[in-house]
Amino acid sequence: MDWKPTACVLCACNCGIEIRLDGRRFDRVRGDKAHPSSQGYTCEKPLRLDHYQNGADRLTHPLRRRPDGTFERVDWDTAIGEVAERFAAVRDAHGGESIFYYGGGGQGNHLGGSYAGSFMRALGARYRSNALAQEKTGQFWVGDRMLGNVTFGDFERCEVALFIGKNPWQSHGIPRTRPTLREIARDPDRCLIVIDPRRTETAELADIHLRPRPGTDAWLLTALAAVLVQEDLIATEWLARHAVGLDEVTTVLSKVPVAEYAAGCGVPEGLVRGAARRIASARGVAVHEDLGVQMSPHSTLNSYLDNLIYLLTGNFGRPGTNNPPIPFAPMITFSHWGPRRDRFSPVAGARIISGLVPCNVIAEEILTDHPARYRAMFVETANPAHSLADSARMREALEALDLLVVVDVAMTETARLADYVLPAPTQFEKWEATFFNFETPANYFHLRAPVLDPPPGSDLLPEPEIHSRLCEAIGAVPDLTPLREALSRGRAAFAEAFLAAAAADPALATVAPVALYRALGPSLPDGAAAAASLWALAHKVAFAHPQAVRRAGIPGEGLELGDNLFDAILSGRSGVVFAVDEPGDALARVGTPDGRIHLEIPELLEEISRLGGVPGPDPAFPFVLSAGERRAFTANTIVRDPAWRRRNGAGVLRVNPGDAAALGLADGGPARLTTRRGSAEVTVELTDSLQPGHVSLPNGLGLQYAGTVTGVAPNELTSVEDRDPYAGTPWHKHVPARVEALG
Ligand SMILES: Nc1nc2c(c(=O)[nH]1)N[C@H]1C(S)=C(S)[C@@H](COP(=O)(O)OP(=O)(O)OC[C@H]3O[C@@H](n4cnc5c(=O)[nH]c(N)nc54)[C@H](O)[C@@H]3O)O[C@H]1N2
Ligand SMILES: Nc1nc2c(c(=O)[nH]1)N[C@H]1C(S)=C(S)[C@@H](COP(=O)(O)OP(=O)(O)OC[C@H]3O[C@@H](n4cnc5c(=O)[nH]c(N)nc54)[C@H](O)[C@@H]3O)O[C@H]1N2
Ligand code: SF4
Ligand SMILES: [Mo]
């Protein structure tokens, strides 16, 4: 029996799995016990990964759009030549800044995206985005200002686990999620606190469930932070050593009317005070916020308050608390404390955070006659026609472009609108890896080898090859002969030659990943050319964190350490530990100029002072719709085949039974769901896990598969205007809606 090690690609945990093939079919999938992070754990979703691998709408050949909107097959030389020529024409006519890049990595694949920057830089493109700019950028902005970094909770070792707008039982996001949650819940000395308007699977396990009315977290979190200050539960000595700005924060929080705010969000005051005291008394508190607050009103303020809760109680930089990780790749960039503090998008003037234009302004940046509008777009591993707010507007924007090129494995809602569709092998047919390496104290990297070949008769290219050919087609790749010669003398000579060449030749620096792929890639064992960009990243990690890398068992000094790490990654089929933190190291990764934690963010403290009362609903749209709940069988739009789901293939609108009775809705019956932007027919499921007035639709449905659309696409119902004032992130969990009986 031949089990092949790889990883699940359906969420950011990327649990190690092993696959047994029957021909080209995934006959069986099981957890990989040798994987250092997941240790054999999986949830139910990857067991049916064959629906991703062998989906009916997989792309098999490069496609070009005909004037009538249908597609014709072209060969790769034609596709690469024409795509390169047309991007170059847009650049020549309107400047490289008019070319926009979207995507670059899904839940399981970031290797391809590590090469995309080469082609974009060579074209002079300056603007890009991806899904992080509709969920995490508010949190990044707050982290940047307070810590010059972001943190992740150490849930394995915490005493108190606090989940805010996050249902990890279904959405995962921490290693071995379900066993870890059960361990916390079972242990009488530990405490699981959940803040969610819904009685989620996680909330059912919780010791304390704070259940605010949807969209009122700002009041609840302010009340929690205020109790810490007003009852003198803060880590005064620790803060005096490590933080500045405490007075400004306590001045605002000491005035908060806790009882009034608790009443405003619908949580008993005693429960708020009890939760604050439990947090303050713990040895270690780990906090994780997610879409429930990041995609609701006051989202950036909520992220600030979440940070204040763990920082005011000193839960930072120790085992069992929140820590800034040592990431393998710099997925998040911080700029607040640097010379180029703020950048804004050219048309909407929206704040660019971590290099990303807010998703909610992309359509606006295209659908205008502004001279700086985006005119061409390169989309890779993303489905923005489905995943961004207001799909109708997004489709209109994508159609208005002079050129749209999509790299994907399947014929998606976005690919359908493209001028060229460039097909890639699936994540099991090529070398792949993810950069979701944010764990502490031990951090992992997993380079995955292909499990099978691309389908016979197909004509696919992996993303690194696509980007390299595009760079070559526009003449952006300098002569690599000297690098190849250096490599023949060994990696040490190569490193020296590469660093010297990149410093001396800006053209080489511009396409550095592609140059590595072409020069170093062919020398890598087992055809792992795609791993070439990791060589540079391994050296960067080894250079920045030599002790942590050595603690992970990688020997060596200087360049040798980086090369040893790279070799360990190349040969470790189930993933390797690349860094091990030591308690206290995390404090050194506070990236502010004085190394202190900056508690004060003046504009957000001002917003806390102005909170006032909780606003009431719009009588025309009395319900709050959470558009995009994570359920047992949802995974964004990665698996398109509805047969993947064992139950509820089409997804249901969850409704409170009291609301259903008042509206005349029956369990399993139809209803009409209407928002300011759209309307859809839905099937209703009655459940008292939802509060009255709150309804919820699953994430990732409404996909066209084999000619049929199944379920409701959530963003047919959302609006681009409903977004955070700082980060531009959407309020997908808080869409004003109306529900009516049908039939
Ligand atoms: N099964 C599955 N897992 C996934 C994914 C998937 O598609 N399916 N997607 C992955 C991705 S990309 C992400 S980003 C994560 C997201 O993971 P989560 O953020 O956990 O997922 P959601 O279900 O979207 O939202 C979390 C919770 O927010 C709650 N919520 C709604 N409104 C409010 C509110 O006003 N306040 C508070 N406090 N909570 C509220 C909802 O009831 C829900 O339980 O999941 C990842 N994991
Ligand atoms: N209303 C609403 N909208 C939401 C959300 C919500 O909760 N509510 N959640 C948001 C969140 S958190 C996220 S992360 C986004 C996700 O939305 P997107 O970032 O658009 O990504 P996915 O849906 O994950 O789609 C990934 C794409 O990658 C393709 N793919 C898979 N493997 C490969 C590969 O090897 N190579 C290439 N090139 N492509 C591949 C898949 O076919 C698919 O088209 O959606 C967001 N949209
Ligand atoms: S969906 Fe996430 S938690 Fe489940 S097996 Fe895959 S990576 Fe692990
Ligand atoms: Mo996400």
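So, here is what we can say about the structure in this document. (Residues numbered from 1 in each chain as written. Chains lettered and ligands numbered in written order. Predicted model: local features only at pLDDT ≥ 70, side-chain atom pairs only at ≥ 80, totals over all residues. Heavy atoms only, no water.)

## Things to note about the site of ligand 3
Inspection of the region around ligand 3 gives Cys8, Leu10, Cys11, Cys13, Asn14, Cys15, Thr42, Cys43, Lys45, Pro46 and His172 as its neighbouring residues. Counted by class, the shell around ligand 3 contains seven nonpolar, three polar and one charged residues. (Near = heavy atom within 4 Å. Nonpolar A, V, L, I, M, F, W, Y, C, P; charged D, E, K, R; others polar.)

## Regarding the site of ligand 2
Near ligand 2, the surroundings consist of 30 residues, among which Asp408, Glu463, Ala627, Arg630 and Thr637 are the closest. A distance of 3.1 Å is found between a nitrogen atom of ligand 2 and a side-chain nitrogen or oxygen belonging to Thr381. One of the side-chain nitrogen or oxygen atoms of Arg630 is found 2.7 Å away from an oxygen atom of ligand 2. Listed by contribution, the elements that provide at least two residues to the shell around ligand 2 are strand E18 (403–408) and strand E25 (623–629). Residue composition of the shell around ligand 2, by class: eleven nonpolar, 13 polar and six charged. Counting residues domain by domain, the shell around ligand 2 receives three or more from each of domain 2 (63–125 + 375–434 + 442–580) and domain 4 (623–741). (Polar contact = N/O pair within 3.5 Å; in protein donor to acceptor, adjacent residues only side chain to side chain. Helix = DSSP H or I, 4+ residues; strand = E, 2+ residues; numbered from the N terminus. Domains from an automatic or database assignment.)

## Some thoughts on the nonpolar core
Among the nonpolar cores identified, the biggest contains 104 residues, and Tyr304, Met377 and Leu599 are the most heavily contacted of them. Sorting elements by how many residues they give to this core places helix H8 (residues 217–230) first, with eleven residues. Dropping the residues within four chain positions of it, Leu599 is found in contact with Met146, Leu239, Ala243, Val244, Gly245, Leu246, Val249, Tyr304, Leu308, Leu311 and Leu312. Listed in part, the 48 residues of the second largest apolar core include Ala528, Ala529, Ile569 and Ala579. (Core = buried A, V, L, I, M, F, W, Y, C linked by side-chain atoms within 4.5 Å. Buried < 20%, exposed > 50% of the residue type's maximum accessible area, 1.4 Å probe, protein only. Contact = heavy atoms within 4.5 Å.)

## Considerations on the pattern of salt bridges
The final tally for this structure, using the stated rule, is 50 salt bridges. A salt bridge links Lys4 to Asp2, with the nearest nitrogen and oxygen atoms 3.9 Å apart. By relative accessible area, Lys4 is classed as partly exposed at 26%. With a shortest N-O distance of 3.9 Å, Glu582 and Arg551 are connected by a salt bridge. Placement of Glu582 in the loop between strand E23 (576–580) and strand E24 (597–598) and of Arg551 in helix H24 (residues 546–551) is noted, with a sequence separation of 31 residues between them. (Salt bridge = Lys/Arg side-chain N within 4 Å of Asp/Glu carboxyl O.)

## Looking at the side chain of Asn302
Tracing the backbone through its elements, the reader meets Asn302 in helix H14 (residues 299–312). Look at Asn302 and you get buried, because its relative accessible area is 0%. What Asn302 contacts, discounting residues up to four positions off in sequence, is Asp217, Ala218, Leu221, Glu289, Val293 and Pro297.

## Here we look at helix H18 (residues 463–473)
Burial of H18 is extensive: eight of the eleven residues sit out of reach of the surface. Every buried residue of H18 is accounted for by Glu463, Pro464, Glu465, Ile466, His467, Ser468, Leu470 and Cys471. Against helix H2 (76–94), helix H3 (113–123), strand E17 (376–380), E18, strand E19 (420–423) and helix H22 (512–519) lie the buried residues of H18. Positive phi shows up at Gly475, right after H18, with a value of about 70°.

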